[in-house]
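# Secondary and tertiary structure notes
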Amino acid sequence: MRVLALLTVILTGILLFFGTQDMPNWADPNSPASIHVSPRYIEKTLEETATPNVVTSVLADYRSYDTLGETTVIFTAGVACMLILRIRRRRRE
Amino acid sequence: MTPQSPVLLVVIPLIFAFLTLPFGWWRKGLCYPITLVALSLSFLASLHTLHTVITTGTIHYWLGNWEPPWGIEYVVDHLNAFVLVIVSFVSLVVAIYSKRSVEQELPEKIVFFYCVFLLQVAGLLGIVVTGDMFNLYVFLEIASLAGYALIAIGEDGAPFASFNYLIFGTIGACFYLLGVGYLYVSTGSLNMADLFQILPDLYQSKVVLVAFAFFMVGVGLKMALFPLHVWLPDAYTYAPSTVSALLAPLMTKVGAYVMIRIMFTVFKPQFCIELIPVTTILGWMAAGAILFGAVMALAQTDLKRMLAYILVSEVGYIALGVGLANRAGLTGAILHILNDSFMMLALFLVVGAIMYRSGKREISQLRYLHRRMPFTMAAFVIAALSVIGIPPTCGFFSKWYLILGAIDASQWAFVAVLLVSSLLNVILFFRVIEHAYLEPDEEHAGGGSELAITIEEAPLSMLVPILIATAGIMVFGVLSGKIISTVIQFAVPKCF
Amino acid sequence: MFDFILSKYNYWIYIILMMIGFYAMIGKKNLVKKIIGINIFQTAIILFFVSTAAKRGGTLPIVEHAHGHGIHHIHAASYVNPLPHVLMLTAIVVMVSTLGVALAIVIAIYRRYNTLEEDEILEQRK
């Protein structure tokens, strides 16, 4: 079992290593991620959302639906914990 | 004006999930009607969405009115809308069924149960409706977390089964997220339609190849495709019967939907077929799943565990249709998403009803069930006939298209696999039906025990959903031509 | 060759971290160690995303002189990419939630079997 786990991990590592060869260099200002979608957030943030902090404007405006999902995840986790742990306490009483 | 139904069908269960807590603390009995109202509204919204898609074509809904590559977009085409209706209808049927079963199995946790139940449905619907890779991940996690919790509250072995599911599910979700990250690094976009435009220039990039590999493994784990199914049998055996009936039809089908979406509408079909032989590998894995699931199901003595292995085999059918990568194969796969949802729904509902009445689910203990629960067992037989693939039940038609697809692709091995699996299913279900219907000779001769058997049919709130699911199996069988001509032929990617 | 390793060093670090976490998830027998593995794995992914946001010569994505100087042109190249940061804020929350649910399940397991070792639990389940 342990050998199998190790093999899986090494295989995944090799796959990731293989993929990394074509990755853009670290901190490359011309990487695709830096030039395709994100410049608009930085350039238009004041004009469109009046918020100097770009992370805030993306989090709470451009992609705010993800943030709704995020809060729902926390809510789910909270209710899930209560759901899992509740009956055990009752049973012990 | 853009119709609001695509977003409403996700947000309604979400809002009502929040509402169940305060109302539930006030009056426990309110949770059940609140759930029913929420899922009925959600189902109506999904019907409206499907209707709009059929009449006016693909819906693009910009959340917050930010245009797509920058904001999040809901894209509903024929494939989406079709799966949405299945998900919301199946969850509504399970919700109707849940009342008595939850009262018996989880009397202390009704409030939290319905809250998580609604969140689970909202998560599944959110996965299906979205057109954004990262948004899909967020809703995948909502659905997964709710799923872990719902499974963990089952009988004795459930927490451990759920923990294993959590480990594999988290690996799947993390791999999916890594795939999203790799695509983001090489393209700079998270929007599916935008990726579809940008990616063809990058098909030679190793980053994109690795991203695709991670997507396939991640989604494969979520949809329990052999050999990544190891978490499934335990989880669905020990889960409460309502939860098995909700998750078994839906979670794997939504996984299959995500796979079709990524293979054919984020990447182009020729990428999966010509550049790297994904579809061939997928086809063989699926063939393995079909045979492995059926053989393992034969070895089980526990009815629910047997159904879980049948589910592994059914997931194989969908993957096989995708792996064939031709028009008939994909039609079969998409039709099988519908058919299998209803077959699994009916089977798991029946097992839940049997457990509710007798507390037993060993196949050898099913004796005299056809007299005690005639309607339930009739439903079981119809669902079984559908799994085997006998017309006019719906299971026949999806198998028919899969076989046509395999013949089109000249994959005779797959034709053989499909036929052999039908035979295995005949043996499988005959064993169960034999125990339930045929009476042992010695007791028959005695005659005394016959008088003691009275009709103990499942309560109405359980029987009606079972009959709805069974009626669905028959109706979709009869109407399958119409379903294909109005929805599925547009849902198959254009280039096939 | 040396250049190749150095210019992509963020990826090597994240790959090593991810392999450690992944091994702990599937190779370790103790359930809490598995959960720690989940966290290491997810931390590695966060590291990967955040490292892709960096731009040489870019500062943190808060627009300078935003108030009171009138609208002036903003160069995207002088600020790091904000989107991975946003995605990872969401991913961190997901990670915490998974951790919470996992620990709740582990508590339920412990109450039932009185142990957190996988092989001992499997022994008891026979």
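The written sequence of each chain sets the order in which its residues are numbered from 1. Chains carry letters from A onward and ligands carry numbers from 1 onward, assigned in written order. Reporting in this predicted model follows two pLDDT cut-offs: at least 70 for local features of residues, and 80 or more for side-chain atom pairs to be given and counted; totals over whole chains, interfaces and linings ignore these cut-offs and use all residues. Each side-chain value is derived from all of the structure's non-hydrogen atoms; neither hydrogens nor water enter the calculation.

### As for the overall build of chain C
- Counting from the N terminus, the helices are the DSSP runs of H or I reaching at least four residues and the strands are the DSSP runs of E reaching at least two. Helix and strand counts for chain C stand at five helices and zero strands.
- Starting at the N terminus and ending at the C terminus, chain C contains elements arranged as α-α-α-α-α.
- With C-alpha atoms as the basis for the radius of gyration, the globule rule is written as 2.2 Å multiplied by the number of residues raised to the power 0.38. The C-alpha radius of gyration of chain C comes to 21 Å, more than 25% above the 14 Å expected for a compact globule of 126 residues.
- If one aligns the C-alpha atoms of chain C with their principal axes, the spans along those axes are about 70 × 45 × 15 Å.
- Think of it in three bands: with a 1.4 Å probe and only protein chains considered, a residue is buried below 20% of the maximum accessible area for its type, exposed above 50%, and partly exposed in between. Counting the 126 residues in chain C, one finds 51% classified as buried.

### Details of the overall build of chain B
- For chain B, the helix and strand inventory stands at 21 helices and two strands.
- The principal-axis extent of the C-alpha atoms belonging to chain B is close to 80 × 60 × 45 Å.
- For chain B, the proportion of its 496 residues judged to be buried stands at 67%.
- Any two residues having at least one pair of non-hydrogen atoms within 4.5 Å are treated as being in contact. Across chain B, contacts joining residues at least 24 apart in sequence account for 80% of those joining residues at least 6 apart.
- Taken as a whole, chain B presents about 15,000 Å² of accessible surface, with 68% of it coming from carbon and sulfur.
- The sign given to each residue is positive for Lys and Arg and negative for Asp and Glu; His and the chain ends receive no count. Throughout, a charge is located at the NZ atom of Lys, the CZ atom of Arg, the CG atom of Asp or the CD atom of Glu. Distance from the positive charge centre (23 side chains) to the negative charge centre (27 side chains) of chain B: 3 Å. Per-residue accessibility takes into account occlusion by the displayed protein chains alone, with areas from the Shrake-Rupley method and a 1.4 Å probe.

### Description of the confidence of the model for chain C
- For chain C, per-residue confidence averages 88 on the pLDDT scale, and 94% of positions sit at 70 or higher.
- Interface confidence in the predicted complex, given as ipTM, is 0.94; pTM for the same model is 0.93. Scored from 0 to 100, pLDDT records how confident the predictor is in each individual residue.

### So, the nonpolar core
- Judged by nonpolar contacts, the single largest core of 272 residues is most densely connected at Y236 and F267 of chain B.
- Not counting chain neighbours up to four residues away, the residues in contact with Y236 of chain B comprise I151, W231, S244, L247, A248, M251, K304, A308, L311 and F348 of chain B. Buried Ala, Val, Leu, Ile, Met, Phe, Trp, Tyr and Cys residues that are joined via side-chain atoms within 4.5 Å together make up what is termed a nonpolar core.

### Notes on the layout of surface pockets
- Each pocket or cavity is described by its volume, and for the largest pocket that value is around 1,600 Å³.
- Taken together, 47 residues make up the lining of the largest pocket; nearest its centre are T8 of chain A together with V217, L221, P227 and L228 of chain B.
- Sorting the residues of the lining of the largest pocket by element identifies α1 (2-20) of chain A, α6 (158-187), α8 (206-223) and α12 (278-298) of chain B together with α2 (9-27) and α5 (118-125) of chain C as the ones contributing at least two each.
- The leading source of residues in the lining of the largest pocket is α8 of chain B, at nine residues.
- By the convention adopted, Pro, Cys, Tyr, Trp, Phe, Met, Ile, Leu, Val and Ala count as nonpolar, Lys, Arg, Asp and Glu as charged, and the other residues, Gly among them, as polar. Here the residues of the lining of the largest pocket are counted per class, giving 35 nonpolar, five polar and seven charged. A pocket, in this scheme, is an open set of points on a 1 Å grid over the protein atoms alone with protein on both sides within 12 Å along at least 5 of 7 lines, while a cavity is a set where a 1.4 Å probe fits but cannot get out; residues line either one if an atom lies within 4 Å of a point. Grid points are joined across faces, edges and corners, and a volume is the space filled by probe spheres set on the points.

### Remarks on helix α2 (residues 31-56) of chain B
- Helix length check: α2 of chain B, at 26 residues, gives a terminal C-alpha distance of 37 Å against a target of 38 Å (1.5 Å per residue), a fit within 8%.
- Positive backbone phi, approximately 95 degrees, marks G57 of chain B, located one or two places after α2 of chain B. One fewer than the residue count of a helix, multiplied by 1.5 Å, yields its expected span.

### Points about the pattern of salt bridges
- We define a salt bridge as a side-chain nitrogen of Lys or Arg found within 4 Å of a carboxyl oxygen belonging to Asp or Glu. Counted under the stated rule, the structure contains 13 salt bridges over all chains.
- In this structure, R40 of chain A engages E67 of chain B in a salt bridge whose closest nitrogen and oxygen atoms are separated by 3.5 Å. Here R40 of chain A, found in helix α3 (residues 38-49), pairs with E67 of chain B, found in the loop between β1 (59-62) and β2 (73-76), and the two come from separate chains.
- Across the pair K99 of chain B and E103 of chain B runs a salt bridge, and its minimum N-O distance is 3.3 Å. You can see K99 of chain B and its partner E103 of chain B sitting in helix α3 (residues 78-105), four residues apart, about one turn around the helix.
- Given a relative accessible area of 29%, K99 of chain B falls into the partly exposed group.
- A residue is classified by how much of its surface remains accessible, and E103 of chain B, at 39% relative accessible area, is partly exposed.
- Salt bridges sharing common partners tie together R40 and E48 of chain A together with E67 of chain B.

### Quick notes on the packing of α1 of chain A against α8 of chain B
- Running from amino to carboxyl end, α1 of chain A crosses α8 of chain B at an angle of 150 degrees, the nearest separation of the two axes being 8 Å. Taking contact as the criterion, the partners of T12, L15, L16, F18 and G19 of chain A in α1 of chain A are, on α8 of chain B, K206, V207, V210, A213 and F214 of chain B.
- Across the contact of α1 of chain A with α8 of chain B, the residue classes break down as seven nonpolar, two polar and one charged. Fitted lines through C-alpha atoms serve as axes, helices being fitted only where they are in contact, and the angles separating the N-to-C directions of these axes extend from 0 to 180 degrees.

### A look at unusual backbone geometry
Residue and element names in this part refer to chain B.
- F226 connects to P227 through a cis peptide bond whose omega is 0 degrees.
- By the secondary structure assignment, P227 is in the loop between α8 and α9 (232-238).
- The linkage connecting P391 with the following residue, P392, adopts the cis geometry, with an omega of 5 degrees.
- Positive phi, close to 60 degrees, is recorded for A224, a residue that is not glycine.
- Summarising the element assignment, A224 is placed in the loop between α8 and α9.
- Assessed through its relative accessible area of 0%, A224 is described here as buried.
- Notably, A325 is not glycine yet its phi reads approximately 55 degrees, a positive angle.
- Mapping A325 onto the fold places it in the loop between α13 (303-324) and α14 (327-358).

### Describing the interface of chain A and chain C
- With 47 residues of chain A at the contact, the number on the chain C side is 49 residues.
- Accessible area that two parts lose when put together, with a 1.4 Å probe and added across both, is what the buried area reports. Summed over both partners, the interface of chain A with chain C buries about 4,700 Å², with 74% contributed by carbon and sulfur atoms.
- Throughout this description, a polar contact denotes any pair of N or O atoms lying within 3.5 Å of each other; where both atoms belong to protein, one of them has to be capable of donating a hydrogen while the other can accept it, and for residues adjacent in sequence the pair is counted only when both atoms sit in side chains. The interface formed by chain A and chain C includes 11 residue pairs in polar contact (both at pLDDT 80 or more).
- For the side of chain A that touches chain C, the elements supplying multiple residues, two or more each, are α1, α2 (32-35), α3, α4 (54-62) and α5 (64-92) of chain A.
- A breakdown of the residues in the side of chain A that touches chain C according to their chemical character gives 29 nonpolar, 10 polar and eight charged.

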